[in-house]
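Coordinate inspection notes
Spelled out from the first residue to the last, the chains are:
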Amino acid sequence: MLTVVSPAKTLDFESPVRTRKHSEPRFLDDAARLVEHMQTLDPGDLSDLMDISADLAELNWRRYASWQTPFNLRNARQAIFAFRGDVYLGLRAEQFGTAELNFAQKHLRILSGLYGVLRPLDLIQPYRLEMGRQVAVDGKSGLYDFWGGRLTQSLNEDLAAQPQKRKLLVNLASNEYFQSIRPETLEADIITPVFKDRTSRGDYRVLSFMAKRARGEMAAWIIRNRVNAAATLKKFDETGYRFNPGESTAERLVFLRDRAP
């Protein structure tokens, strides 16, 4: 079983990391081609491309200007510790021990506009490049076109290396990032958990901030408990969520929560 999550815009390259173990991104040469293109843009171009403020455009212009290979622990950081958005606040990778990190390296994948597919311990340098951006490189219309079917093929290779007969992909990524995967050629059943919270009106809705954190919490729960079966996913009950069979299907597992802790 593989779990996929999205990256985050918020980054942390300062706090201490508990391990020196690391790996190299599989699509580093492709990332370098994208960076070469980004280096031809000025801050104004980046602001327009990514719809960000002048200050953020200047920051990312400097990031691309200083991006260089080879990666090492002096100029890069393991992806699972570098991202700091809502999903990663739920994941709490800084609490993982060696066994959890080893399991995550085999079973967790981070989809990335710049790096394609990342394993948790793959080194990255600071960047911002959302998957949905229209970056025209190699004659492609955007990043979905640039990556094509290669991300799906990479996931298929990881799935084939796992011993379970039934191959599963747990989709904990956002729609923007999961659109980079081609379900029709993915050699696995896809399960998408959905997290809903009770509102003041008494109904249950997907609340973006809480759902993002819940996706990270489920990813961490899968890692800590070495989950490898679809039925086990229904037992997820972190931070008050509970499986609701009435709203669920085999491909879409719905979890409801009455009150956040």
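The coordinates are above.
These numbers were taken from a predicted model, which means no experiment stands behind them.

Basis of the calculations
- Counting restarts for each chain: residues are numbered from 1 in the order of the written sequence.
- Selection of residues for local features in this predicted model requires a pLDDT of at least 70, selection of side-chain atom pairs for listing and counting requires 80 or more, and totals for whole chains, interfaces and linings are taken over all residues.
- Working from all heavy atoms in the structure, the side-chain values ignore hydrogens and water.
- Secondary structure is summarised from DSSP: a helix means a run of H or I of at least four residues, a strand means a run of E of at least two, and numbering begins at the N terminus for each.
- Residue exposure (1.4 Å probe, protein chains only): buried if accessible area is under 20% of the type maximum, exposed if over 50%, otherwise partly exposed.
- Here a residue-residue contact requires only that any non-hydrogen atoms of the pair lie within 4.5 Å.
- Note on definitions: the grid is 1 Å and covers protein atoms alone; a cavity is a set of points where a 1.4 Å probe fits but cannot get out; a pocket is an open set with protein on both sides within 12 Å along at least five of seven lines; lining residues have an atom within 4 Å of a point.
- Grid points are joined across faces, edges and corners, and a volume is the space filled by probe spheres set on the points.
- Three residue categories are used. Nonpolar comprises Ala, Val, Leu, Ile, Met, Phe, Trp, Tyr, Cys and Pro, charged comprises Asp, Glu, Lys and Arg, and polar comprises the others, including Gly.
- Each salt bridge in this description consists of a side-chain nitrogen of Lys or Arg and a carboxyl oxygen of Asp or Glu lying within 4 Å of one another.
- Note: the arc covers the axis-to-C-beta directions of the helix.

**Some points on the side chain of aspartate 30**
Checked against the element boundaries, aspartate 30 lands in helix H1 (residues 28-38). The class for aspartate 30 is buried, based on a relative accessible area of 10%. Aspartate 30 has contacts with Phe146, Trp147 and Arg150, leaving out every residue within four places of it along the chain.

**Details of the layout of surface pockets**
Each pocket or cavity is described by its volume, and for the largest pocket that value is around 370 Å³. In terms of lining, the largest pocket is formed by 20 residues, of which the most central are Ser6, Pro7, Ala8, Lys9 and Lys212. When contributions to the lining of the largest pocket are tallied by element, the ones reaching two or more residues are helix H5 (86-91), helix H9 (175-178) and helix H10 (208-225). Classifying every residue of the lining of the largest pocket by side-chain character gives 9 nonpolar, 4 polar and 7 charged. In this structure, the second largest pocket encloses a volume near 240 Å³. Considering the residues around the second largest pocket, the lining is formed by 13 residues, among which Ala173, Asn175, Pro193, Val206 and Arg215 are closest to the centre.

**What about the pattern of salt bridges?**
A complete count under the given rule lists 17 salt bridges for this structure. The shortest N-O distance in the salt bridge between arginine 119 and aspartate 122 comes to 3.2 Å. The class for arginine 119 is buried, based on a relative accessible area of 18%. Its relative accessible area of 0% is what places aspartate 122 among the buried residues.

**Some points on H1**
Taken together, the buried positions of H1 are occupied by Leu28, Asp30, Ala31, Leu34, Val35 and Met38. All buried residues of H1 fall inside an arc of 155° around its axis, so they share one side. Opposite the buried face of H1, by more than 90 degrees, sit the exposed residues Asp29 and Glu36. On its buried face, H1 is in contact with helix H2 (43-50), helix H3 (54-66), helix H7 (143-147) and helix H8 (150-160).

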